[in-house]
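In case you want the letters, here they are:
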Amino acid sequence: MTSEAALLPAGVGWTLLAAFSVLWIGLGIYWGRRNKSFEDHALAGRNIGLALGSATAAATWITSNTTMLAPQFALQLGIWGMLAYSTAAIGLLLFAPMAGRIRKLMPNGYTSGDFFRLRYGRVAWAVFLLFTLFYSLTWLVSMAMAGGILLNTLSGIPYAWGMSVILGVCVLYTMRGGLAAVIGTDFIQSLIIIVGIVVVGVAVLSHVPVEKIHANLAAERPALLDVLFPAAIMAIFNNLLFGLGEVFHNNVWWSRAFAFREGVAGKAFALGGLIWFPIPLAAGFVALASGALNVPVPAADMVGPLVVAEVLGEAGAIGIFIIVFCSLASSIDSLLAATADLMTEDVYRRMFRPAAHPETLKKIAQWVTLGLGLFTWAVCLPRIGTLATVLFFAGPLVGAMIWPIVTGLYWRRANTTGAVGGMLLGAGIGLFFYFAIGFYVASLIATAVSMIWVLACSALSKTRFDWALLREAE
Amino acid sequence: MPAIPAAAAAAAAAPPPSFSASAPLSSDTGYTRLDWNASGDVVVEQARKADLSDARTIYEGPNHALFLSGLGGGTYYFSLRDETGARSAPLKLTVSHQSLTQALFLTAIGFLVFIATVAVIFRGARDDQ
């Protein structure tokens with residue numbers, strides 16, 4: 001991102017930041033007042049209904065990446081890039097049947113780590129923890145950094161202040177309210193984001209007809225319309241599998257599968273995926289219109305805000321500021337809560353204090369949330385620009401976990417050798433091709449290698465897993 | 001002798017605009033970013049011929065970078081011109097897209113992996129009891 005002029009006066013930015021900070025913290029305290037145990041705090045009492053469930057699935061998946069990276073994908077890789085980004089919705093749609101299975105097999109489960117530990121043993125669990133913590137922490141760091149940078153670009157608020165306020169607000173309401181606060185705020189945030197994106201899409205269309213956008217692209221950026229654009233067609237399944245890996249393994253989604261009321265999880269994830277699907281298409285369309293609207297783009301990741309500000313003026317800049325803040329908050333809070341629960345359940349409880357009291361676990365989860373927030377803040381403060389790109393290294397790691405998870409949930413013959421080998425081989429070879437070809441093939445190759453290994457190990461396996469072992473007593 | 005306005009004098013005294021890249025650029029994706037140093041507004045021109053005889057303006061303003069995408073394969077030349085008319089040395093960009101055969105092969109693998117994943121999920125555990 002380059003240092004061009006801010007779209008909003010700093011005073012307006014500070015006012016919006018203060019207003020939404022007070023709102024989220026207030027709601028977090030209100031929603032968290034009934035939390036007594038770790039189950040209340042981490043899983044909202046396992047009683048989330050369909051409306052909140054669908055909204056939180058969609059809102060958590062609408063990250064700053066959806067509102068910022070989807071336009072960037074469209075600007076870089078054209079129509080295919082826009083469609084490639086929207087395939088991440090398939091992660092939620094396919095997790096819908098899996099969530100029902102997870103609830104059935106693990107009625108007392110807390111985290112995705114519980115699954116790996118009980119299904120494949122401690123070695124696979126350790127590899128999973130390493131991969132998922134790398135993914136979660138880099139995602140958290142990249143979003144907090146993006147928050148500081150975006151608020152600075154949009155309104156001139158100094159990077160360190162913007163990043164600190166966004167992170168601080170999310171830490172405070174997640175600590176106080178746990179998953180109930182995260183899901184409640186997600187509901188409001190998803191409504192704001194969806195309305196905002198619809199308004200932006202309509203505004204862009206009213207400014208420039210589709211025919212003019214097409215003519216401009218055909219003349220100035222022909223590869224963006226090319227059906228056989230090599231980098232773009234490679235990105236389609238790579239992005240799809242990256243999305244599948246992200247959703248299938250991460251405790252953000254598993255904690256929701258455990259938190260939703262019985263019978264709700266499948267419908268909520270399917271609805272969440274359908275709600276999410278058009279959002280990157282709308283955001284990507286905005287980027288494709290930039291040429292026809294004559295908006296010069298100094299950096300690909302700024303195309304969304306620049307087009308919106310051009311079309312809607314200061315009102316548009318205020319809107320994009322709010323959308324960005326909501327997108328960031330709805331994802332940072334979910335990651336903080338899910339990662340804190342993972343560390344509390346999988347590390348503190350399972351490794352050190354198996355007999356810990358539920359109230360103690362709740363307090364530990366709150367302290368871990370604070371610790372995660374401070375860690376993220378310390379890493380983000382120096383603003384090392386290249387750090388955010390580390391998130392892309394996670395692509396092969398999460399891709400390599402798809403087959404161990406899917407077969408582990410459905411096949412009794414899936415085994416530890418297959419899971420551990422699939423994760424390590426897939427991730428290693430995927431990372432090699434990340435550097436040899438590019439980020440747009442790494443997840444795909446990692447998933448393919450992991451799949452072949454898991455299939456071979458399952459075919460040769462003589463063991464048959466007893467599903468009852470997943471029904472661990474609390 | 002008429003007085004020279006301060007801004008014009010400063011512009012006249014400033015070095016000519018220059019691209020940040022010291023070597024020719026290359027891209028296998030059809031996108032790249034041009035960065036430059038200039039003291040004021042610039043005009044960025046794009047051409048397909050090395051002598052810039054077919055140049056056309058693609059940006060005019062105060063920014064110091066421009067993101068380009070969707071470029072077809074081939075060679076492109078860019079130049080900068082500031083308010084005084086001073087020009088930069090041209091910058092060459094070679095776009096050579098990734099192999100289509102490799103892309104289609106990887107896409108086919110991706111499709112197979114995806115279909116297999118869907119099949120495992122929707123087939124469920126019915127034959128594995």
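Since the structure is predicted, the reported quantities are computational estimates derived from the model, not experimental observations. (Residues numbered from 1 in each chain as written. Chains lettered and ligands numbered in written order. Predicted model: local features only at pLDDT ≥ 70, side-chain atom pairs only at ≥ 80, totals over all residues. Heavy atoms only, no water.)

### Concerning the overall build of chain B
A tally of helices and strands in chain B yields two helices and eight strands. Start at the N end of chain B and walk to the C end: the helices and strands fall as α-β-β-β-β-β-β-β-β-α. Taking all 129 residues of chain B together, 40% fall into the buried category. Residue pairs in contact within chain B that sit at least 24 positions apart in sequence constitute 61% of those at least 6 positions apart. (Helix = DSSP H or I, 4+ residues; strand = E, 2+ residues; numbered from the N terminus. Buried < 20%, exposed > 50% of the residue type's maximum accessible area, 1.4 Å probe, protein only. Contact = heavy atoms within 4.5 Å.)

### Structural notes on the sheet that holds strand E1 (residues 18–19) of chain B
Residues and elements named next belong to chain B. With antiparallel pairing, three strands are arranged side by side in an open sheet as E1-E3-E6. Pairing within the sheet leaves two strands with one partner each, and these edge strands are E1 and strand E6 (65–68). Where E1 lies against strand E3 (residues 32–37), two bridges are found, and the strand directions are antiparallel. When the sheet's bridge partners are listed, Ser18 is paired in E3 with Asn37. (Pairing = 2+ DSSP bridges.)

### Here's the deal with the confidence of the model for chain B
Taken as a whole, chain B shows an average pLDDT of 88; of its residues, 87% reach a score of 70 or greater. Per-residue pLDDT, averaged within each element of chain B, yields its smallest value for helix H1 (residues 6–13) of chain B (55) and its largest for strand E8 (residues 91–95) of chain B (97). (pLDDT = per-residue confidence, 0-100.)

### Regarding the pattern of salt bridges
Between side chains of opposite charge, a pair can form when the charged atoms approach closely. Residue and element names in this part refer to chain A. A full pass over the atoms with the stated rule returns eight salt bridges over all chains. Ionic pairing is found between Arg117 and Asp114, a salt bridge with its closest N-O pair at 3.0 Å. Of the two residues, Arg117 and Asp114 are both situated in helix H6 (residues 112–120); the distance of three residues between them amounts to about one turn of the helix. Accessibility assignment for this pair places Arg117 and Asp114 in one class, buried. (Salt bridge = Lys/Arg side-chain N within 4 Å of Asp/Glu carboxyl O.)

### Looking at the environment of Ala282 of chain A
All names here are of chain A. One can find Ala282 in helix H13 (residues 278–288). Since its relative accessible area comes to 22%, Ala282 is described here as partly exposed. Taking the C-alpha atoms as reference, Ala282 lies 44 Å from Glu472; in sequence the two are 190 residues apart.

### Quick look at helix H1 (residues 10–31) of chain A
Residue and element names in this part refer to chain A. With 22 residues, H1 extends 31 Å from end C-alpha to end C-alpha; this agrees with the ideal 32 Å at 1.5 Å per step. Along H1, the residues classified as buried are Gly13, Leu16, Leu17, Phe20, Ser21, Trp24, Leu27 and Gly28. Down the axis of H1, the smallest arc covering the buried residues is 140°, so these residues share one side. In H1, those exposed residues whose orientation departs by more than 90 degrees from the buried face are Thr15 and Val22. Here the buried face of H1 lies against helix H7 (122–155), helix H8 (159–207) and helix H14 (303–352). (Expected span 1.5 Å × (residues − 1). Arc of directions from axis to C-beta.)

### Some words on a nonpolar patch on the surface
Residues and elements named next belong to chain A. A contiguous nonpolar surface patch, about 380 Å² in accessible area, is contributed by Leu50, Leu93, Leu271, Leu274 and Ile275. The element that contributes the greatest number of residues to the nonpolar patch is helix H12 (residues 265–276), accounting for three residues. Note on placement: Ile275 falls in helix H12. For Ile275, a relative accessible area of 31% translates into the label partly exposed. (Patch = residues over 30% accessible without salt bridge, like charges linked within 9 Å, V, L, I, M, F, W, Y side chains within 5 Å. Areas by Shrake-Rupley, 256 points an atom, 1.4 Å probe, with all protein chains shown as cover.)

### What about the packing of aromatic side chains?
Residues and elements named next belong to chain A. Evaluation of the coordinates by the stated rule reveals 27 aromatic pairs over all chains. A network of ring pairs unites the aromatic residues Phe95, Phe115, Phe116, Tyr120, Phe128, Phe248, Trp253, Trp254, Phe258, Phe260 and Phe269 as a single cluster. Note that Arg117 overlies the ring of Trp125, its terminal NZ or CZ placed 5.7 Å from the centroid. Between the NZ or CZ atom of Arg413 and the centre of the ring of Trp411, over which it lies, the distance is 4.6 Å. (Phe/Tyr/Trp six-rings, centres within 6.5 Å; stacked < 30°, edge-to-face > 60°. Lys NZ or Arg CZ within 6 Å of the ring centre and 35° of its normal.)

### Brief notes about the interface of chain A and chain B
The partner chain B presents 38 residues to the 49 residues of chain A that form the contact. Interface area for chain A against chain B, summed over the two sides, is near 3,700 Å², with a carbon-plus-sulfur share of 69%. Run the count over chain A and chain B and you get one salt bridge. Two residues, Arg56 of chain B and Glu220 of chain A, come together in a salt bridge whose shortest N-O distance is 3.0 Å. Inspection of the chain A/chain B interface yields seven residue pairs in polar contact (both at pLDDT 80 or more). Where the side of chain A that touches chain B is concerned, the elements lending two or more residues are helix H4 (64–86), helix H5 (89–105), helix H10 (230–249), helix H17 (402–410) and helix H19 (439–460) of chain A. Among the elements that make up the side of chain A that touches chain B, the one with the highest residue count is H10 of chain A (nine residues). Residues that form the side of chain A that touches chain B fall into these classes: 40 nonpolar, three polar and six charged. (Buried area = accessible area lost by both parts, 1.4 Å probe. Polar contact = N/O pair within 3.5 Å; in protein donor to acceptor, adjacent residues only side chain to side chain. Nonpolar A, V, L, I, M, F, W, Y, C, P; charged D, E, K, R; others polar.)

### Here we look at the sheet that holds strand E5 (residues 56–61) of chain B
All names here are of chain B. Read from one edge of the open sheet, five strands run E2-E8-E7-E4-E5, paired in mixed fashion. Pairing within the sheet leaves two strands with one partner each, and these edge strands are strand E2 (25–27) and E5. On average, adjacent strands in this sheet sit at an angle of 20° to one another, irrespective of strand direction. Pairing of strand E4 (residues 42–47) with strand E7 (residues 74–82) involves six bridges; the strand directions are antiparallel. Each residue of the ladder has a partner; that of Val43, found in E7, is Arg81. (Axes fitted to C-alpha atoms, helices over the stretch in contact; angles between N-to-C directions.)

### Re the environment of Lys462 of chain A
Inspection of the secondary structure puts Lys462 of chain A in the segment after H19. Distance from Lys462 of chain A to Arg413 of chain A, taken between C-alpha atoms, is 7.1 Å for residues 49 residues apart in sequence.

### What about unusual backbone geometry?
Here the phi dihedral of Asn294 of chain A falls at roughly 60°; this positive angle occurs in a residue that is not glycine. Here Asn294 of chain A lies in the loop between H13 and H14. Although it is not a glycine, Leu52 of chain B sits at a positive phi angle of roughly 60°. Counting through the fold element by element, Leu52 of chain B comes out in the loop between E4 and E5. Among the residues examined, Leu52 of chain B registers a relative accessible area of 22% and is labelled partly exposed.

### A look at the packing of H8 of chain A against H13 of chain A
Residue and element names in this part refer to chain A. Packing of H8 against H13 leaves a shortest axis separation of 10 Å and a crossing angle of 35°. As for how H8 packs across H13, the hand of that crossing is left-handed. Within the contact between the two elements, H8 uses Ile194, Ile197, Val200, Val204 and Leu205 and H13 uses Ile279, Ala282, Phe285 and Val286. Class assignment for the residues of the contact of H8 with H13 results in nine nonpolar, no polar and no charged. (Left-handed = near helix turned anticlockwise from the far one by under 90°.)

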